[in-house]
Amino acid sequence: MMLASIALLTFVTIQRLGELVLSRRNTAALLAKGARETGAEHYPYMVSLHAAWIGGLWLLASDRPVNLVWFGIFMLLQILRVWVLATLKERWTTRIIVLPEAPLVRSGPYRFIRHPNYAVVAGEIAVLPLAFGMPLYAAAFTILNALMLAIRIRAENAALKTAMILK
């Protein structure tokens, strides 16, 4: 049981660290092309929230069994995550970076929902703790993430509107 939990937590941790590396690379490239960052003031809080989420899971869930139904749902979310990353390519970043005059991405999952990455992350924040049988943990971090996303999506939409991408 413990091996499955540790394997899953290791996967998520490596994934998140890899995404930070990818984000840093993409952010630097976008800024070099004249992009601008907005919402930087809330970014450390968002990173802290995600670090607390994964850190708390390591502390509380590493010896818990993994529920296969919730694990399956989590893996479906990973497919959606890859779809988002593949759609945005070099424009994907964990920060709000807007390249002025660049067209808004409207392909892939963006055909169906304006912020699919946030939907995936919200799902993961709820589903992974549920895979470990931790509904209160899932609820607490879902609420905290919803508060963060309210700030983040408002900032992102304003940045896109300012860049004349959203009408």
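That block above? That's the structure.
Right, let's walk through the structure included here. (Residues numbered from 1 in each chain as written. Predicted model: local features only at pLDDT ≥ 70, side-chain atom pairs only at ≥ 80, totals over all residues. Heavy atoms only, no water.)

### Concerning the packing of helix α3 (residues 68-88) against helix α4 (residues 116-131)
Here is step 1 of the chain: Relative to each other, α3 and α4 sit at 160°, their axes nearing to 9 Å. Judged by the inter-axis angle, α3 sits roughly antiparallel to α4. Of the two elements, α3 crosses α4, and the hand of that crossing is left-handed. Contacts between α3 and α4 involve Trp70, Phe71, Ile73, Phe74, Leu77, Gln78, Leu80, Arg81 and Val84 on the former and, on the latter, Pro116, Asn117, Val120, Val121, Gly123, Glu124, Val127, Leu128, Leu130 and Ala131.
Here is step 2 of the chain: In the contact of α3 with α4, the residues fall into 14 nonpolar, 3 polar and 2 charged. (Axes fitted to C-alpha atoms, helices over the stretch in contact; angles between N-to-C directions. Helix = DSSP H or I, 4+ residues; strand = E, 2+ residues; numbered from the N terminus. Parallel < 35°, antiparallel > 145°, perpendicular 65-115°, else oblique. Left-handed = near helix turned anticlockwise from the far one by under 90°. Contact = heavy atoms within 4.5 Å. Nonpolar A, V, L, I, M, F, W, Y, C, P; charged D, E, K, R; others polar.)

### Observations concerning the pattern of salt bridges
Here is step 1 of the chain: Under the definition given, this model contains 4 salt bridges.
Here is step 2 of the chain: The salt bridge partner of glutamate 37 is arginine 95, with a shortest N-O separation of 2.8 Å. Taken as a pair, glutamate 37 in strand β1 (residues 36-38) and arginine 95 in the loop between α3 and β2 (96-98) lie far apart in primary sequence, 58 residues in all.
Here is step 3 of the chain: On the basis of relative accessible area, glutamate 37 is assigned to the partly exposed category, the value being 30%.
Here is step 4 of the chain: Judged by its relative accessible area of 29%, arginine 95 is partly exposed.
Here is step 5 of the chain: A salt bridge links glutamate 124 to arginine 81; the shortest N-O distance between them is 2.3 Å. Here the residue glutamate 124 occupies a position in helix α4, and arginine 81 occupies one in helix α3, the gap between them amounting to 43 residues. As far as the burial class goes, glutamate 124 and arginine 81 line up, both buried.
Here is step 6 of the chain: When salt bridges with common partners are traced through the structure, they connect Arg16, Glu19, Arg81 and Glu124 into a single cluster. (Salt bridge = Lys/Arg side-chain N within 4 Å of Asp/Glu carboxyl O. Buried < 20%, exposed > 50% of the residue type's maximum accessible area, 1.4 Å probe, protein only.)

### Quick word on unusual backbone geometry
Here is step 1 of the chain: In the Ramachandran plot, lysine 89 falls in the positive-phi region, its phi being about 50° despite a non-glycine side chain.
Here is step 2 of the chain: Among the structural elements, lysine 89 can be located in the loop between α3 and β2.
Here is step 3 of the chain: Unlike most non-glycine residues, glutamate 101 shows phi in positive territory, near 70°.
Here is step 4 of the chain: The residue glutamate 101 is located in the loop between β2 and α4 in this model.

### Considerations on helix α1 (residues 2-32)
Quick reminder: α-helices carry 3.6 residues per turn. Residues three or four places apart thus point the same way.
Here is step 1 of the chain: Helix length check: α1 (31 residues) gives 45 Å between terminal C-alpha atoms against 45 Å at 1.5 Å per residue, within 8%.
Here is step 2 of the chain: Within α1, the full set of buried residues consists of Ser5, Leu8, Leu9, Val12, Gln15, Arg16, Glu19, Ser23, Asn26, Thr27 and Leu30.
Here is step 3 of the chain: One or two positions beyond α1, positive phi appears at glycine 34, with a value near 100°. (Expected span 1.5 Å × (residues − 1).)

### What to know about the side chain of glutamate 156
Here is step 1 of the chain: Relative to the helices and strands, glutamate 156 is located in helix α5 (residues 135-162).
Here is step 2 of the chain: The side chain of glutamate 156 is buried and forms no salt bridge, while arginine 152, the nearest opposite charge, is found at 4.7 Å.
Here is step 3 of the chain: Look past the residues within four positions of glutamate 156 in its chain and what remains in contact with it is Ile96, His115 and Tyr118. (Lys, Arg positive; Asp, Glu negative; His and termini not counted.)

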